[in-house]
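# Secondary and tertiary structure notes
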Amino acid sequence: MNLHKWAIMGLSFGSLFFQTSCNKSGVQPDIYLLQRRNMVRWDLKAKGIKSPRVLDAMATVPRHLFLPPEFTKDAYQDVDLPINPFLTTPRPFIVAKTIEALELKGNERVLEVGTGRGYESALLAELANDVYTIEIVPTMAQEAEKILKDLNYKNIYTRIGDGYQGWPEKQPFQAILVTASAPATPKPLLEQLAVGGRLVIPIGSAQKQDLMLYRKTRTEITKEVLMPVKLQPMEGKVTQTQKSW
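Residues numbered from 1 in each chain as written. Predicted model: local features only at pLDDT ≥ 70, side-chain atom pairs only at ≥ 80, totals over all residues. Heavy atoms only, no water.

In total, this model carries five aromatic pairs according to the counting rule given. Pairing Tyr-132 with Trp-167 gives two aromatic rings, centres 5.1 Å apart and planes at 80°, and the pair type is edge-to-face. Placement of Tyr-132 in strand S4 (residues 130-135) and of Trp-167 in the loop between strand S5 (156-160) and strand S6 (173-178) is noted, with a sequence separation of 35 residues between them. Exposure class is identical for Tyr-132 and Trp-167. Each is buried. Members of the aromatic cluster, each reached through a chain of ring pairs, are Tyr-132, Tyr-157, Trp-167 and Phe-173. (Phe/Tyr/Trp six-rings, centres within 6.5 Å; stacked < 30°, edge-to-face > 60°. Helix = DSSP H or I, 4+ residues; strand = E, 2+ residues; numbered from the N terminus. Buried < 20%, exposed > 50% of the residue type's maximum accessible area, 1.4 Å probe, protein only.)

Next up on the list: the confidence of the model for the chain. Per-residue confidence for the chain averages 89 on the pLDDT scale, and 85% of its residues sit at or above 70. Predicted confidence for residues 13-28 stays below pLDDT 50, and this span has 23 contacts to residues more than four positions away or in other chains. (pLDDT = per-residue confidence, 0-100. Contact = heavy atoms within 4.5 Å.)

We now examine the environment of Arg-215. Along the chain, Arg-215 turns up in strand S8 (residues 209-216). The exposure class assigned to Arg-215 is partly exposed, which follows from its relative accessible area of 28%. Put simply, Arg-215 and Gly-197 are 18 residues apart on the chain and 6.0 Å apart in space, counted from C-alpha to C-alpha. Every residue in contact with Arg-215, bar those within four places of it in the chain, is listed here: Gly-197, Arg-198, Glu-220, Ile-221, Thr-222 and Glu-224. A distance of 3.0 Å separates polar atoms of two side chains, one belonging to Arg-215 and the other to Glu-224. (Polar contact = N/O pair within 3.5 Å; in protein donor to acceptor, adjacent residues only side chain to side chain.)

This part takes up the packing of helix H3 (residues 52-60) against helix H5 (residues 119-127). Helix packing for two helices is described by the angle between their axes and how far apart those axes are. The N-to-C vectors of H3 and H5 enclose an angle of 130°; their axes lie 9 Å apart at closest approach. Here H3 is positioned oblique relative to H5, judged by the angle of their axes. Two packed elements cross with a definite hand, and for H3 against H5 that hand is right-handed. Seen from H3, the contacting residues are Arg-53, Val-54, Ala-57, Met-58 and Thr-60; seen from H5, they are Tyr-119, Leu-123, Glu-126 and Leu-127. For the contact of H3 with H5, a count of residues per class yields six nonpolar, one polar and two charged. (Axes fitted to C-alpha atoms, helices over the stretch in contact; angles between N-to-C directions. Parallel < 35°, antiparallel > 145°, perpendicular 65-115°, else oblique. Left-handed = near helix turned anticlockwise from the far one by under 90°. Nonpolar A, V, L, I, M, F, W, Y, C, P; charged D, E, K, R; others polar.)

Next up, the structure:
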């Protein structure tokens, strides 16, 4: 087992137990582990998430540890939840759907634009070789870095900044995930996408968005609408653009 998984177990099993029942061995089960398994079964697999690797990652990463304490009780409900007074984290089905669309095999270098508090960063780290994640809100980036460090993730690299420009010195990326909506797809991200790579981003206005999948070949970039979504808007230079690629 990876060291960060030991860290996850240590944090999860330290105090987050059922208070009224024990199993035959006398060890109290982790209520959040059971909730993760139920979430995977009823909110992800039953609703169309097929990738065994994505389902396993969603069953492994403790979403409750990436939330403010007052929302941990709802961590494994299929709902958006606040991560600060102005931002929310998407419901688990949307998270799983966007990550599944990247079709990660395990050896990729991934760019994430919009770290939030690091939940999706951790999921990507379970599924890829290296994750480079950018957050424009300094306090949010610092919170995410601490949580990910406590969980002992060694393959996640964080940066505070405007994700519109990507991370040029670490390109090319075999996969890019943008976690907030944009009126247009940032050209630097398309340029930093490797041949054969995939970029997933929600495109549209605050009222209407489509989750888009871009594929890059040696001769062209194709795009596909995956599903309608409603995610929070991306900040920074992207707000100055008007038309989507």
